[in-house]
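Examining the three-dimensional arrangement
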Amino acid sequence: MIWLPSSPIMSAIVASLSLPLFLFLVAHCPWRPKSPMRHFLSAAGLACSLMVALLLANWVPEWPDLLAALVLLAASLLAGYTLWSLILWGFALAMLNVLEQRHRVDSIEGWCTAYAGDGGIDAFTLNRCSLLLAAGFARLPSSRELAITPRGLLVARLVNAIRWIFGLDRS
Amino acid sequence: VTPAEISLVAGLLFAVTHAITVSICLRFIRRLAPVLVHLLCAVVLGAALPAILSIVAARFQVAIPFWPAASIFYGGVIAWLYAFSAVYKSISLGILQALHAAPERRVTIDSVALNFALPRFAERIDLLVEGGLVTRTESGYAITPQGLKAVHRLQLIQRIFAVSGKGFYLTS
C-alpha cells in the first residue's frame, strides 16, 4: 500500500490547513468584509486559489488523484463552514453569552428578551422566519401570518425525507 | 482499472457503508449524543479502511494508494454529518415543517412563537442546564464557572477572527 499522499492530495491538505490562517488574515486586513458570510467566502476563495497554484506547480495528470483532492478540499471547507457558523450563529452559545453579560435572568421569557431585545420571543420568531422568507420558502399573506410557498413545500418534503433517513421522526 | 481507481471505489463504498451504518445506529442507540454516533462510526470504519485496502492490495499484488480512498471517505463522513446537523435542531426548518403540517399550510406568527419558538428556547436551556453550564434556581438562571469558561473560550475565538456572534441571522 502507498501511504504517501500524491501531489494533488498534498495540495488539498495544505489548502485545507491554510483555511484558519486565511480566516485570520482576512479578519485583520484593511478591506475586511463586513458580512461574516463574505468573510468566510473570501478565506475559502484564497484557500482554493492556493490549491490551484500548488496543482499548477506540481501537475500530475491522473484524474482519480485530482477528484480525491477536490473532494478533500470541499469536505474541509464544509467542515470549516460548520465550525464558522457555530462561532457566529450558534444558538446555545449565544444564549450563554447573553447570560454571561447579564449574570442572571429570572425566567425563560426574561432570558429570551435579553437575547432577542425588547421584542422577546416575537422578535426571535420573526428572525428565524425571516430566513424562510429570504429563501423564498415562505411568504407573509398578512402581517401576522406565515404561509408556505411551492418551493418551501419541496424543501419541507426533502427535510422530512432526510429526517426519516436519520430516524429523527421517532424522537 | 488503475490502483488509484480501486482506491476511489473503496472510499466510495466505505462512505456509503458509513451513511447506512449511521442511519441504523441512530435508530437504536439513544443514550449517546447523535454527533458521537457519527464520530464512532467514522472512527471504526476509518480504521477498517486501510486494513481492507491492505488485504485487497496483498490479494491482487498491487500497490494501492491510501489517500484517494481516505479523501472520498472523509468527504462522505463530513457531508453526512452536515446533512444531519442541518435537519436535527434547526429552528427555521422546524418552522417550515410546522407550516407543511398545518391545515391550509399557513400559521400565525403568534402560534409559531408560542408553540414552536418558545419550546425550542426552553429545550436549549434544558441542554445548557444538563451540560452543567447553567444553574436553575428559584430566582432564575445563572451561569456556572464551567459556563463562564465556555463563553470566554468562544469570545477568544471571536476576537481572533474579529467577528461577533449574537446568534441572530442577518438576512438583509
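Keep in mind that what you see is a predicted model, and the values were worked out from it rather than measured.

1. Quick look at the overall build of chain A
Along the backbone of chain A there are seven helices and three strands. Its helices and strands in sequence order give chain A the pattern α-α-α-α-β-α-α-β-β-α, from N to C terminus. Since a compact globule built from 171 residues should have a radius of gyration of about 16 Å, the 22 Å found for chain A marks it as more spread out than a globular shape. On the principal axes, the C-alpha backbone points of chain A span a range of 60 × 40 × 30 Å. The buried share of chain A, taken over its 171 residues, is 45%. In chain A, the proportion of contacts linking residues at least 24 apart, taken out of those at least 6 apart, comes to 44%. Of the accessible surface of chain A, which amounts to about 8700 Å², a share of 68% is contributed by carbon and sulfur atoms. Distance between charge centroids for chain A: 5 Å, based on 12 positive and 9 negative side chains.

2. Considerations on the overall build of chain B
For chain B, the count of helices and strands is six helices and three strands. The order of α-helices and β-strands along chain B, N terminus first, is α-α-α-α-β-α-β-β-α. Taking 16 Å as the expected radius of gyration for a compact globule of 172 residues, we find that chain B reaches 22 Å, considerably beyond that expectation. In terms of principal-axis extent, the alpha carbons of chain B reach across some 70 × 50 × 40 Å. A fraction of 51% describes how many contacts in chain B between residues 6 or more apart in sequence connect residues 24 or more apart. Of the roughly 9100 Å² of accessible surface on chain B, 68% is carried by carbon and sulfur atoms. Across chain B, the mean location of the 14 positive side-chain charges is 8 Å away from that of the 7 negative side-chain charges.

3. So, the interface of chain B and chain A
Counting residues at the interface gives 83 residues for chain B, matched by 92 residues for chain A. Taking both partners together, chain B and chain A bury about 8000 Å²; carbon and sulfur atoms supply 71% of that area. Counting the contacts that link chain B with chain A gives two salt bridges. E145 of chain A is paired through a salt bridge with R106 of chain B; the nearest N and O atoms lie 3.4 Å apart.

4. Let's talk about the sheet that holds strand β2 (residues 138-142) of chain A
Here we have three strands laid out as an open sheet, ordered β2(A)-β3(A)-β1(B), and antiparallel in their pairing. Among the strands making up the open sheet, the edge pair consists of β2 of chain A together with β1 (106-108) of chain B. Shown here is a sheet whose adjacent strand axes are inclined to one another by a mean of 30°, direction ignored. Relative to β1 of chain B, strand β3 (residues 145-148) of chain A runs antiparallel, the two being bridged by three bridges. Across the sheet, A147 of chain A pairs through a bridge with R106 of chain B, a residue of β1 of chain B. Of the strands in this sheet, β2 and β3 of chain A together with β1 of chain B are in contact with helix α4 (residues 91-101) of chain B, which crosses β3 of chain A at around 80°.

5. Observations regarding the pattern of salt bridges
In total, this model carries five salt bridges over all chains according to the counting rule given. Between D122 of chain A and R144 of chain A there is a salt bridge; the shortest N-O distance is 3.0 Å. Of this pair, D122 of chain A sits in helix α6 (residues 120-134) while R144 of chain A sits in the loop between β2 and β3, and the two are 22 residues apart along the sequence. Overall, R144 of chain A belongs to the partly exposed group, its relative accessible area being 31%. The salt bridge partner of E123 of chain B is R120 of chain B, with a shortest N-O separation of 4.0 Å. One end of the pair, E123 of chain B, and the other, R120 of chain B, are both in helix α5 (residues 109-130), three residues apart, so they sit about a helical turn from each other. One salt-bridge network, held together by shared partners, links D122 and R144 of chain A together with D110 of chain B.

6. Some words on the environment of L127 of chain B
Residues and elements named next belong to chain B. Mapped onto the elements of the fold, L127 is located in helix α5. Residue classification places L127 among the partly exposed positions, given a relative accessible area of 40%. Considering only alpha carbons, one finds L127 and A58, 69 residues apart in sequence, at a separation of 49 Å.

7. What about a nonpolar patch on the surface?
All names here are of chain B. A grouping of L12, V16, I20, I24, F28, I29, L32, L36, L39, L40 and V43 is seen on the molecular surface, where their side chains present a nonpolar patch of about 1000 Å² in accessible area. Secondary-structure elements contributing two or more residues to the nonpolar patch are α1 (3-28) and α2 (34-60). Here the element with the most residues in the nonpolar patch is α1; it accounts for five residues. Along the polypeptide, L36 turns up in helix α2. Here L36 falls in the partly exposed class, since its relative accessible area comes to 41%.

8. Here we look at the sheet that holds strand β1 (residues 104-105) of chain A
Taken in spatial order, the three strands of this open sheet run β1(A)-β3(B)-β2(B), and their pairing is antiparallel. With one partner strand each, in any of the chains shown, β1 of chain A together with β2 (134-137) of chain B form the two edges of the open sheet. Across two bridges, the pairing between β1 of chain A and strand β3 (residues 140-143) of chain B is antiparallel. Residue pairing across strands places R104 of chain A opposite A142 of chain B, the latter belonging to β3 of chain B.

9. Observations regarding the packing of aromatic side chains
Residues and elements named next belong to chain B. Enumeration according to the criterion identifies 16 aromatic pairs over all chains in this entry. Measuring from centroid to centroid gives 6.4 Å for F14 and F73, while their planes differ by 85°, and the two rings are edge-to-face. Note that F14 is positioned in helix α1 and F73 in helix α3 (residues 67-88), a separation of 59 residues in sequence. For F73, a relative accessible area of 7% translates into the label buried.

Conventions we followed
Here, residues in each chain are numbered from 1, in the same order as that chain's written sequence. For this description, chains carry letters from A and ligands carry numbers from 1, given in the order in which they are written. In view of the model being predicted, local features appear only for residues whose pLDDT reaches at least 70, and side-chain atom pairs are presented and counted only at 80 or more, with totals across whole chains, interfaces and linings using the full set of residues. Hydrogens and water are ignored here; the side-chain numbers use all heavy atoms of the structure. Each helix is a run of DSSP H or I of at least 4 residues and each strand a run of E of at least 2, with the numbering of both proceeding from the N terminus. To get the radius of gyration, use the C-alpha atoms; to get the globule rule, take the number of residues to the power 0.38 and multiply by 2.2 Å. Only protein chains enter the calculation, and the probe is 1.4 Å; a residue is then buried if its accessible area is under 20% of its type maximum, exposed if over 50%, and partly exposed in between. Whether two residues touch is decided by their heavy atoms; if any such pair falls within 4.5 Å, the residues are in contact. Reported accessibility uses the Shrake-Rupley method at a 1.4 Å probe radius. Residues are deemed covered only where the shown protein chains occlude them. The charged-residue count follows a simple rule in which Lys and Arg add positive charge and Asp and Glu add negative charge, with His and chain termini not counted at all. Here the site of a charge means NZ on Lys, CZ on Arg, CG on Asp, or CD on Glu. Accessible area that two parts lose when put together, evaluated with a 1.4 Å probe and summed over both, is termed the buried area. What counts as a salt bridge is simple: a side-chain nitrogen of Lys or Arg found within 4 Å of a carboxyl oxygen of Asp or Glu. At least two DSSP bridges between two strands are needed for those strands to be called paired. Each axis is a line fitted through C-alpha atoms, taken for helices only over the stretch in contact, and angles between the N-to-C directions span 0 to 180 degrees. Only residues above 30% relative accessible area that lack a salt bridge enter a patch, with like-charged residues linked at up to 9 Å and the nonpolar side chains Val, Leu, Ile, Met, Phe, Trp and Tyr linked at up to 5 Å. Only rings of Phe, Tyr and Trp enter the pairing, Trp through its six-membered ring, and a pair is recorded when the two centres are within 6.5 Å. The plane angle decides the type: under 30 degrees is stacked, over 60 is edge-to-face, the rest tilted.

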